[in-house]
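Spelled out, the chains give:
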Amino acid sequence: MIPVSTASGGFPFPILPAIVIAPAIAAVLLFFLPRGRPGLAKAVGIGASLVTLGLALAMAVRFETGQPGYQFVVSHSWIPAFGVSWKLGVDGISVFLVAVTAVLFPVAIAGPRTGEDPKGYMAWMLLLEAACLGSFLSLDLFLFFLFFELTLPPMYMLIGKWGFENRSYAAIKFFIYTFAGSALMLIAMLALVFIDARSTGVVTFDLIANTTAQHVSSGIGAVLFLGFAAAFAVKIPVFPFHTWLPDAQVEAPTGGSMVLAGVLFNLGTYGLVRFCIELFPRASVDLAPLMLTLGAVGIVYGFLVAVVQTDLKRMIAYTLVADLGVVVVGLFGLTTQGISGGVYQMVNHGVSMAAMFLLIGMVVDRLGTRQLTAMGGLQARTPILAAVFIVVTLSIVGVPGLNGFVGEFVMLLGTFLTHRWWAVAAAVGMVLSALVFLWAYQQVFHGRPTAHAAGVAVADLGWRELAAVAPLVFLIVLLGVYPRPFFERINPSATRVVAHVGQVTGQYPPAVAEGARP
Amino acid sequence: MIHAAPAILLLPLVGFAVLTFSGRRLGDPAAGWLATAAVAGSFVASVLVFAALVGHDSAHRSVEQVYYRWIPVGGFQVNVGVLLDPLSITMALFVTGVSTLIHLYSISYMKADPQFRKFFVYLNLFVFSMLALVLSNNFLFTFLGWEGVGTCSYLLIAFWFDRDTAASAGKKAFIVNRIGDFGFVIALFLIFSRTGTLDYRGVFSHLGGVSGGWATAVALLLLAGAVGKSAQLPLWVWLPDAMEGPTPVSALIHAATMVTAGVFLMTRASPILHLTPVSLTIIAALGAVTALVAATVACAQDDIKRVLAYSTISQLGYMFLGVGATAYGAATFHMVSHAFFKALLFLAAGSVIHALNNEQDMKRMGGLAKVLPVTAGTFAVAWLAISGIPPFCGFWSKDAILGAAYGKSPILWAIGVVTVLLTAYYMTRLMVLTFTGQARWETARPGGSPTPGHSAERPAGETQGGHGDHAGEPHEGPWIMTVPLIVLAGLSVVGGLLDLPFLNLEFLDHWLDPVVGHQTNLAYQSAGLKVGLLLATLVVALSGIALARGLWWRNWRRPELEPALLANNYYADDFYSRVFTSGGGAMSRFLAAAVDNRVIDGTVNGVAALARGGGTVLRRAQTGYVRNYALGIAAGTVVILGFMLSRAGS
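K.L.:
Where do I start with helix α11 (residues 261-268) of chain B in this structure?
P.N.:
Residue pairs three or four apart in sequence face the same way in an α-helix, which turns once every 3.6 residues. For α11(B), the buried fraction is high: eight of the eight residues fall into the buried class. All of the buried residues in α11(B) are B:Ala261, B:Gly262, B:Val263, B:Phe264, B:Leu265, B:Met266, B:Thr267 and B:Arg268.

Here you go:
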């Protein structure tokens, strides 16, 4: 049984709906704002995302440590005929994903330069934020699906309208790709609800009810698992469902790239834990080798393809396939360390990759090109930008003392306990990621400026830019040096998930050394 | 004063933080002095802790301090903490001691460099990381230091980043090290999965009943990490390139301290090594072969720093040989004495390079003894020490290893002795070419600008700054450059007293005994054998010196003694670049161009094209009605969903 706490946490209003609705209301307001007031639009956008941040942080602070279940749960019947309800809740798996989403949006909104039509841009960004937060907080399958799909139109618009030259192709490709995945998830979701309803006599989209029901046979379970996994594999993206990503990532405006890398991919990896593993434990165990293999292949493949790219954004985009492959390998070890570390790594990766794309945006804005061959020598001209860039680079490469190492080490350790060779294969990524990122850094910052780069006037980071990136760098260090308070909140829920898998399948966690029980 | 232990770690860390955030306010020389003071304070703290440990009786010389819980996940609990015992404090003492001297030296050496402050930021971070590595009470915090020193090494090799060779050398060092670290990480996984902890004490107390296969796997995987960090075969190729960094960095990181981390790790893990004799044999053989191969390459180098770099690899090979022969005391002894004389060699070489306006080619040196008497004198001490001439420290420490090697296998001993011959030879060649004979630098370097295409310490654009005053006759640096030389020379003379092989004077061996256990030391050998081995290596070393003097004295053009095979490091770099850079690059391009673009994306676009043929929706979308399209899809979803839902519910 999954414990559910409906305590308000001392807030005078239900906190979770407030977190979702705050950006949504602001987005609607923005649509009604007069067109000629760009400053006001920006102020509303930044203000609303900061209010959301405040709410999310307050929630995370009040989140009770040591509880495996859902907290701050609110539930209102919505479509009683179909058992659909407006039910929100947060546990250790989602609490920091919500928090990091709320941190990244203000930075993505305020950090990069906004292009034309700031009003529309802000509105779509806030709508996207609401959809992402709603997805993380939904405890109802139908509600989750709605929020999950609602992330598409804003992202589509952000790429299609504010992106680079080839944006239209990229936007459509992104849309069709992810939509195809979602369609499979929808079918699987309906089938699951239908099958459970046949056994229990009650049609319900309630996540907890469906998690505990477990009436699906192992064969059907595997098919439904794959239906859900398809949507998330595209979203993450897992090799070989990744080819929308480089195009989308390259063409997206800086803010869009940050959100894609920092938040949207987390939706996919979060979905793997919350839906694939929790709803279908038996299929997760049976199909773990498939997921582990896709993840591990993606790591090597992503880095190898990245290293020969000549477009800076495209190069880093391919590393996302690899980095997220590591998370998939961590999660499907199906151990406490694997899942706790995987969730922790989602947070880390969100922070570091958002910072990386913010910085890349600064580089590209300054030099007016994404081509690595036209860069070089930037460290002498922008030492502060270079210093921040190297810190973020080292965090992604997994240098201990910074955030990336903690998540990566813990989750691969967890997977090693149950699926030794996949963890070993995934660890090859630590060599390849160093190769890719240091090569990128060298081409941008080392050497002497190329003729093109030398021809542009370049300024170092201004105060506004520093202020935007500083919170992310702070988190990179904090999460690397003092992960304990985070793990203390994530661990109980990760343990709950693993115990659930063990209870349903009767075979997990497998025997490992006494002290090393996962 | 065991309570001084946190200060050892904290002082360099605070120095790093202060310099990072307010280095600009401090200004140039002040930043260097602050960094030096932080490390000197760390040295003082180390001395206090050392004194406290000496006060304990030998069975209780191991104190654990836990500062905070770092990573807690289920059964996996890791702290940030230190294990103060004879091994760690010995390391801390020589690391902080040598670092202090090199910091001091750098204040003058890096004067007028535009990145002066950043240099000390990195240097302090390096010292912190190195201390974390050696003081840690668990494998993971050691790994933090391990990667930290690797990162600093990367940053400092690529310090003069506008030179492509420096930038590439930094990257190469990091990546080659990462290959070894991959092994290290897998070893940690294996250790945890068997013992349920990564604390040194916990791990070593859970070794009862582990299988030999497990121990061998762990030992060899840790060895992979050590081989990367200590530049042993087959991962040695990064260290010669690392000489692109400023010379004090070469002295501190790439000779005295960081590269010895591999030997430290092996010593720390000795309880595991003890369970796997086959690994010990592999370690010993690898060390011996590395010592020999690197020494042959050193014989044919013209760049003074590259000679020293290959020499470092060779000397580290000796230390691995010592570890493999379970002579941990001897290996540590050689590590310390090597730190003294090799740091001295690099600093003195830096003094030469500095005086000659960034010249590194020995063929363009000569006759410098007259103009740089302090440098030449101190260099000579280090030359005798590394060549193995008594009473200098290198003689005693190298013989301790060779004696133990003889006990393990006379073949290993023989390889070691041949290496002694080569070492004495190439060091004498260096000495003769640099300090004696005619001055070749006047003709070679009339102006102040570096010769194009030739390795020069600094980028051309930055030589003028602080070095305009060197246009005339070369001269010694200021006291802050010569004092470290003199101190290190003094240590190279008396360092042997740490561990003399007779009269029960093996202080270091006895000091380390409680940490490593099961170690071989020369006390077990008969006096006759000991003296015989000592005399044999001494004769060999003297022959090497005589040979080099005979061949190179007043005769610096001898291409027949510098075969291309050796000068080019057996073409190892070419081989690696052909296999990995070209081969890997070709595979990457194939994956990117063929697989990703054609196969995977081709499939996707093919499906999309079919869809496009079927409807006009997409075409309209591309002509500007994107918003309608998006909203339409979203609305459509809801409709379809509702429909299916109603069917499902019935």
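K.L.:
Can you help me understand the pairing of strand β2 (residues 84-90) of chain A in this one?
P.N.:
In the case of a regular strand, side chains alternate between the two sheet surfaces. Of all the seven residues making up β2(A), six are buried; the element is thus mostly covered by neighbouring parts of the structure. As consecutive antiparallel partners, strand β1 (residues 71-79) of chain A and β2(A) are separated by four residues, and within that stretch A:Gly83 has a phi angle of approximately 65°, a positive value.

K.L.:
I keep staring at the interface of chain B and chain A and nothing clicks. Help me out?
P.N.:
Where interface size is given, it is often the accessible area lost as the parts come together that is meant. Contact residues are listed per partner, giving 59 residues for chain B and 66 residues for chain A. Considering only residue class, the side of chain B that touches chain A consists of 34 nonpolar, 13 polar and twelve charged.

K.L.:
So what exactly am I meant to see when it comes to helix α14 (residues 336-367) of chain A here?
P.N.:
All names here are of chain A. Its 32 residues give α14 an end-to-end C-alpha distance of 45 Å, which sits within 8% of 46 Å, the value for a rise of 1.5 Å per residue. Extensive coverage of α14 is indicated by the burial of 30 of its 32 residues. Positive backbone phi, approximately 70°, marks Gly368, located one or two places after α14.

K.L.:
Is there a simple way to think about the packing of helix α4 (residues 118-137) of chain A against helix α11 (residues 254-279) of chain A in this case?
P.N.:
Residues and elements named next belong to chain A. Running from N to C, α4 and α11 cross one another at 15°; their axes reach a closest spacing of 10 Å. Taken as axis vectors, α4 and α11 run roughly parallel relative to one another. Crossing geometry of α4 relative to α11 is assigned as left-handed. When α4 is examined against α11, the residues Met125, Leu128, Cys132, Ser135 and Phe136 are found in contact with a partner set consisting of Gly255, Val259, Val263, Leu267 and Tyr270. Its residues assigned to classes, the contact of α4 with α11 comprises eight nonpolar, two polar and no charged.

K.L.:
For this particular structure, what's the right way to read unusual backbone geometry?
P.N.:
As a rule of thumb, non-glycine residues mostly have phi less than zero, and peptide bonds are mostly trans rather than cis. Residue A:Pro237 follows A:Ile236 across a cis peptide bond; omega there is -10°. Following the sequence through the fold, A:Pro237 ends up in the loop between α9 (218-235) and α10 (244-251). With an omega of 5°, the peptide bond between B:Pro390 and B:Pro391 qualifies as cis. For B:Pro391, the location among the structural elements is in the loop between α17 (373-387) and α18 (393-408).

K.L.:
Please explain the confidence of the model for chain A as it appears in this structure.
P.N.:
The predicted coordinates of low-pLDDT regions are not to be read in fine detail. When pLDDT is averaged along chain A, the result is 89, and 98% of the positions lie at 70 or above. Low confidence marks residues 511-518 of chain A, where pLDDT is under 50. Its contacts with residues over four positions away, or in another chain, come to 29 contacts.

About the thresholds
- Residues numbered from 1 in each chain as written.
- Chains lettered and ligands numbered in written order.
- Predicted model: local features only at pLDDT ≥ 70, side-chain atom pairs only at ≥ 80, totals over all residues.
- Buried ≥ 20, exposed ≤ 12 C-beta atoms within 10 Å, placed from the backbone.
- Helix = DSSP H or I, 4+ residues; strand = E, 2+ residues; numbered from the N terminus.
- Pairing = 2+ DSSP bridges.
- Contact = placed C-beta atoms within 7 Å.
- Nonpolar A, V, L, I, M, F, W, Y, C, P; charged D, E, K, R; others polar.
- Expected span 1.5 Å × (residues − 1).
- Axes fitted to C-alpha atoms, helices over the stretch in contact; angles between N-to-C directions.
- Parallel < 35°, antiparallel > 145°, perpendicular 65-115°, else oblique.
- Left-handed = near helix turned anticlockwise from the far one by under 90°.
- pLDDT = per-residue confidence, 0-100.

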